[in-house]
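Chain residues, written in single-letter form:
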Amino acid sequence: PMSDTPAIDPSPWLEVFEPVPPAFQELPLTGYQPLALIGEGGMGAVLLAQRETDEQLVTIKVLTNADADQNVTKRLEREALTLRSLQHPNIVACLAYLRDANRCFLIMEFVPGRLSLRYAGGMLGPCPETLALRLLAETTAGLAHAHDHGVIHRDVTPDNLLLFFNHPEPPDTWAQLAQAPELRV
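Residues numbered from 1 in each chain as written. Predicted model: local features only at pLDDT ≥ 70, side-chain atom pairs only at ≥ 80, totals over all residues. Heavy atoms only, no water.

> Before we move on, could you go through the overall build of the protein chain and cite the residues and values that matter?
Secondary structure assignment for the protein chain yields 6 helices and 7 strands. Reading the helices (α) and strands (β) of the protein chain from amino to carboxyl end gives α-α-β-β-β-α-β-β-β-α-α-β-α. In terms of overall size, the protein chain behaves like a compact globule, its C-alpha atoms giving a radius of gyration of 17 Å where 185 residues would be expected to give roughly 16 Å. With the C-alpha coordinates aligned to their principal axes, the bounding extent of the protein chain is approximately 50 × 40 × 30 Å. For the protein chain, contacts bridging at least 24 residues in sequence account for 57% of all contacts bridging at least 6. (Helix = DSSP H or I, 4+ residues; strand = E, 2+ residues; numbered from the N terminus. Rg over C-alpha atoms; globule rule 2.2 N^0.38 Å. Contact = heavy atoms within 4.5 Å.)

> Describe the pattern of salt bridges, naming the residues involved and giving the relevant values.
Using the criterion set out here, one finds 6 salt bridges in the structure. Taking the shortest distance from any N to any O, the salt bridge between Asp100 and Arg103 comes out at 3.3 Å. Take Asp100: its relative accessible area is 24%, and that puts it in the partly exposed class. A residue is classified by how much of its surface remains accessible, and Arg103, at 17% relative accessible area, is buried. (Salt bridge = Lys/Arg side-chain N within 4 Å of Asp/Glu carboxyl O. Buried < 20%, exposed > 50% of the residue type's maximum accessible area, 1.4 Å probe, protein only.)

> Give a detailed account of the nonpolar core, specifying residues and quantitative values.
Within the largest apolar cluster, 15 residues are counted, with the highest numbers of intra-cluster contacts made by Phe24, Leu29, Leu47, Ile60 and Ile107. At the level of secondary structure, the elements contributing two or more residues to this core comprise strand E1 (32-41), strand E2 (44-51), strand E3 (57-64) and strand E5 (103-109). Excluding residues within four positions of it along the chain, Ile107 makes contact with Leu29, Tyr32, Val58, Thr59, Ile60, Ala93, Cys94, Leu95, Ala96 and Leu98. One finds Leu124, Leu161, Phe165 and Leu183 within the second-largest nonpolar core, a separate group that totals 13 residues. (Core = buried A, V, L, I, M, F, W, Y, C linked by side-chain atoms within 4.5 Å.)

> If you had to explain the environment of Thr173 to someone new, which residues and values would you point to?
Looking at the element boundaries, Thr173 is found in the loop between strand E7 (162-163) and helix H6 (174-179). Take Thr173: its relative accessible area is 38%, and that puts it in the partly exposed class. Each C-alpha atom of the pair Thr173 and Phe110 lies 23 Å from the other, and the pair is 63 residues apart in sequence. In this structure the side chain of Thr173 is engaged in a polar contact, spanning 2.9 Å, whose partner is the backbone nitrogen of Gln176. (Polar contact = N/O pair within 3.5 Å; in protein donor to acceptor, adjacent residues only side chain to side chain.)

> Summarise helix H5 (residues 129-148); cite the residues concerned and give the values.
An ideal rise of 1.5 Å per residue puts 28 Å on 20 residues; H5 measures up with 28 Å between its terminal C-alpha atoms. Along H5, the residues that are buried comprise Leu131, Leu135, Glu138, Thr139, Gly142, His145 and Ala146. Buried residues of H5, viewed axially, fall in a sector of 120 degrees; they line one side. Of the exposed residues in H5, those oriented more than 90 degrees away from the buried face are Glu129, Thr130, Leu136, His147 and Asp148. Contacts from the buried residues of H5 go to helix H4 (117-124), E7 and H6. (Expected span 1.5 Å × (residues − 1). Arc of directions from axis to C-beta.)

> Could you give an account of the sheet that holds E5, naming the residues involved and the relevant values?
An order of E1-E2-E3-E5-E4 is seen for the 5 strands of this open sheet, with the pairing classed as antiparallel. The open sheet has two edge strands, E1 and strand E4 (94-99), and neither has a second partner. Averaged over neighbouring strand pairs, the angle between their axes works out to 20 degrees when direction is ignored. Judged from the 8 bridges that link them, E1 and E2 form a sheet pairing that is antiparallel. Bridging from a neighbouring strand, Gln33 pairs with Gln50 of E2. Helix H3 (residues 70-85) rests against E3, E4 and E5 of the sheet, and its axis sits at about 150 degrees to E4. (Pairing = 2+ DSSP bridges. Axes fitted to C-alpha atoms, helices over the stretch in contact; angles between N-to-C directions.)

Printed below as a string of structure tokens:
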């Protein structure tokens, strides 16, 4: 969870991600400053932002045209409520869910590294057994915590397992990744 995460310097991430598009520069979110665009799609965008109270980096999922598709809006709201109920180091923390006239905002812990397990495996090849067991144990701990709270994750895939790796450049080897003191799933 964020309370256990040291503050992350935003500078290197600003060089990796795109600038914030004009449509997202002025958000109705008091206390959050958009810094960069992580990704954008047909339903909205994912932004890197800084929480002004403690300068923590956060991720903001912005669902535009929320009134256009109530099913998507309800799914995002359920995701937020579910994440808010789960406090665990191997589950991304949800900090807030907000809504204005036609947008929804899911504010979550920023997971640095831009590394899904699938991306890391494709880039680095087969994962060494010791590290694979460590990552599996962390994944299992997060899933067990969710299950203990009545939540069943229905989409556990290597794409949805994010590696917390506080470096803007991907690692060159699994050993480099394993040696990062902040590494967690």
